[in-house]
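Listed here are the chains, written in short residue letters.
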Amino acid sequence: MSSAANAAGLRSAPAAGELIASIGNTPLFHLRRLTEDLPGIEIYGKAEFINPGGSVKDRPALNMINEGERSGKLTHDKIILDSTSGNTGIAYAMIAAARGYRVKLCLPANASPERKLILKAYGAELILTDAGEGSDGAIRRCKAIYAENPDLYFYPDQYSNPANWQAHYNTTGPELLAQTQERITHFVTAMGTSGTFVGTARRLKEHNPAIQCISAQPSTGFHGLEGLKHMPTAIVPAIYDDTIADENLWLETEDAYVMARRMAREEGLLVGISAGGNVHAALLVGKRCAAEGKKAVIVTVLCDGASKYLSEPFWNE
Amino acid sequence: MPKILIPTPLRQFADKKDSVDVAGATVGEALAALTTAHPDLKKNLFTDEGKLRSFVNVYVNDEDIRFLEKDKTAVAGGDTISIVPSIAGGAR
């Protein structure tokens, strides 16, 4: 920036670049009003909805595609194939469009209409799987499609691909350390593939083993927490490592709805349902620390924004 | 008798069955008969106040009961009732 621009009070803006380069380096927002009555407790939300594909899944999707290109497994004659409850699919579809790949996705038929419309708008081919079987049904269908024709596809398999959690180990973890000036005491997030939790927690623990890493899951296999998994009854992702978490919290769908609404109305942050669940879990941890008279710097992940869930009735309940 | 399809995550609470035939002239009666036969389903489907939980969508032959007559929607033999969790978005 020139000194003239400085003098005029103009803010510096990033130089022009590519869409893909804008993935990551998201802001960390202090959730002040939620913690007004909790002295010594700070809760922060990592604003992953600011990623160009609108969710935290841009990070692993980009890393898995990059890894596929590096290893030679992904070439332009291959179709990118994976199962997803939506956000990873949107990230694949966006990156694939920008790089000239085709995408085929298996997703449960009860994924939100907005997701399906977004995926189609990016030009992805959708295979809708049995709604009653949830994301596990999509996983099984995807494996079957791949097995029929393995040469036709690049199948990153987000549930088993180390490049998923490594994206968070290499980017999300270091960003949180820098953005909290290494003051972070607790990291709390719910799990689907478990990539965000596993990768971020590994990096944080490596930096300081005292940082409490707390996972969260739906309380039963029957829930409305899109993208999240109840590990005891679901197909457990190969990348999940159950030895990392200091503790696990169990989430109710209704609590996530209530918190998504509070985030909109009290913090001005229009976030999705899993983000609501994450903030609910972070607030539970905050209340517990406050009751014990402890200070805490708690960080959670605002996985995506509300735009894909606006047709849900809970906003006005 | 109407048939209720049990989604995979709920089968553990319904003796592993994928469908259950129940008595009842309305969706409300059919679901009540289901949770009487399989009491562990109750807290998965209903709130403490007895209302269907907000993320639970119920369909009669692929029609969402919210757009029919809700729990008063009539059912008869040959009708299929599906229980589908909203994993974001009420429609399917």
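What you see is a predicted model, and the numbers here were worked out from it, not measured in a lab.

Chemist: Can you break down the pairing of strand 8 (residues 212-218) of chain A residue by residue, with the values?
Modeler: All names here are of chain A. Counting buried positions over the seven residues of strand 8 gives six, a clear majority of the element. Summarising the sheet, strand 7 (residues 186-190) and strand 8 pair through five bridges and their orientation is parallel. From the neighbouring strand, His186 faces strand 8, where its bridge partner is Gln212. As a crossover connection, the stretch from strand 7 through helix 7 (residues 195-207) into strand 8 is right-handed. Strand direction decides the pairing type here: strand 8 and strand 9 (residues 247-251), joined by five bridges, are parallel.

Chemist: How would you explain empty space enclosed by the protein if you had to name every residue and give the values?
Modeler: All names here are of chain A. Tallying each qualifying case throughout the model produces one cavity of 30 Å³ or more. Approximately 310 Å³ is the volume found for the largest cavity. Considering the residues around the largest cavity, the lining is formed by 29 residues, among which Lys57, Gly192, Thr193, Gly227 and Leu228 are closest to the centre. Contributions of two or more residues to the lining of the largest cavity are made by helix 3 (87-99), strand 7, helix 7 and helix 9 (273-291). It is helix 7 that provides the largest number of residues to the lining of the largest cavity, a total of three residues. Considering only residue class, the lining of the largest cavity consists of eight nonpolar, 17 polar and four charged. Domain assignment of the residues forming the lining of the largest cavity places at least three in each of domain 1 (14-50 + 169-316) and domain 2 (58-154).

Chemist: So what's going on with the sheet that holds strand 1 (residues 28-30) of chain A? Which residues, and what values?
Modeler: All names here are of chain A. An order of 1-2-10-7-8-9 is seen for the six strands of this open sheet, with the pairing classed as mixed. With one partner strand each, in any of the chains shown, strand 1 and strand 9 form the two edges of the open sheet. Averaged over all pairs of adjacent strands, the angle between strand axes in this sheet comes to 25 degrees, irrespective of strand direction. Of the strands in this sheet, strand 2 (41-47), strand 7, strand 8, strand 9 and strand 10 (296-302) touch helix 9, which is tilted by about 170 degrees from strand 10.

Chemist: Mind laying out the sheet that holds strand 3 (residues 56-60) of chain B, listing which residues take part and the relevant values?
Modeler: Strands in a sheet are paired, the pairing made by backbone hydrogen bonds, and the direction either parallel or antiparallel. Residues and elements named next belong to chain B. Pairing in this open sheet of five strands is mixed, and the strands run 2-1-5-3-4 from one edge to the other. The sheet is open, and its two edges are formed by strand 2 (19-21) and strand 4 (63-64), each paired on a single side. One ladder, built from three bridges, connects strand 1 (residues 3-5) with strand 5 (residues 80-85); its direction is parallel. Across the sheet, Lys3 pairs through a bridge with Thr80, a residue of strand 5.

Chemist: Can you lay out the pairing of strand 5 of chain B for me, pointing to particular residues and giving the numbers?
Modeler: Residue and element names in this part refer to chain B. Counting buried positions along strand 5 yields five of six residues, so the element is predominantly enclosed. Two strands pair when backbone bridges link them, and strand 3 and strand 5 are joined in this way by five bridges, in the antiparallel orientation. Residue Asn57 lies in a different strand from strand 5, and its bridge partner there is Val84.

Chemist: A description of the pattern of salt bridges should follow, citing residues and the corresponding values.
Modeler: Inspection of the entire model under this criterion finds 20 salt bridges over all chains. The partner of A:Arg59 in a salt bridge is A:Glu175, with the nearest N and O atoms 2.9 Å apart. Taken together, the positions of A:Arg59 in helix 2 (residues 58-71) and A:Glu175 in helix 6 (residues 162-179) put the pair 116 residues apart, joining distant regions of the chain. With respect to class, A:Arg59 is no different from A:Glu175; both count as buried. One salt bridge in this structure joins B:Arg53 and A:Glu254, with 2.6 Å as the shortest N-O distance. With one member in each of two chains, B:Arg53 in the loop between helix 2 (42-45) and strand 3 and A:Glu254 in helix 8 (residues 253-267) form a pair that bridges those chains. The network of salt bridges with shared partners includes A:Lys46, A:Glu48, A:Arg59 and A:Glu175.

Conventions and cut-offs
- Residues numbered from 1 in each chain as written.
- Chains lettered and ligands numbered in written order.
- Predicted model: local features only at pLDDT ≥ 70, side-chain atom pairs only at ≥ 80, totals over all residues.
- Heavy atoms only, no water.
- Buried < 20%, exposed > 50% of the residue type's maximum accessible area, 1.4 Å probe, protein only.
- Helix = DSSP H or I, 4+ residues; strand = E, 2+ residues; numbered from the N terminus.
- Pairing = 2+ DSSP bridges.
- Right-handed = clockwise from strand over helix to strand, strands pointing away.
- 1 Å grid on protein atoms, 1.4 Å probe; cavity = no way out; pocket = protein on both sides within 12 Å on 5 of 7 lines; lining within 4 Å.
- Points joined across faces, edges and corners; volume = space filled by probe spheres on them.
- Nonpolar A, V, L, I, M, F, W, Y, C, P; charged D, E, K, R; others polar.
- Domains from an automatic or database assignment.
- Axes fitted to C-alpha atoms, helices over the stretch in contact; angles between N-to-C directions.
- Contact = heavy atoms within 4.5 Å.
- Salt bridge = Lys/Arg side-chain N within 4 Å of Asp/Glu carboxyl O.

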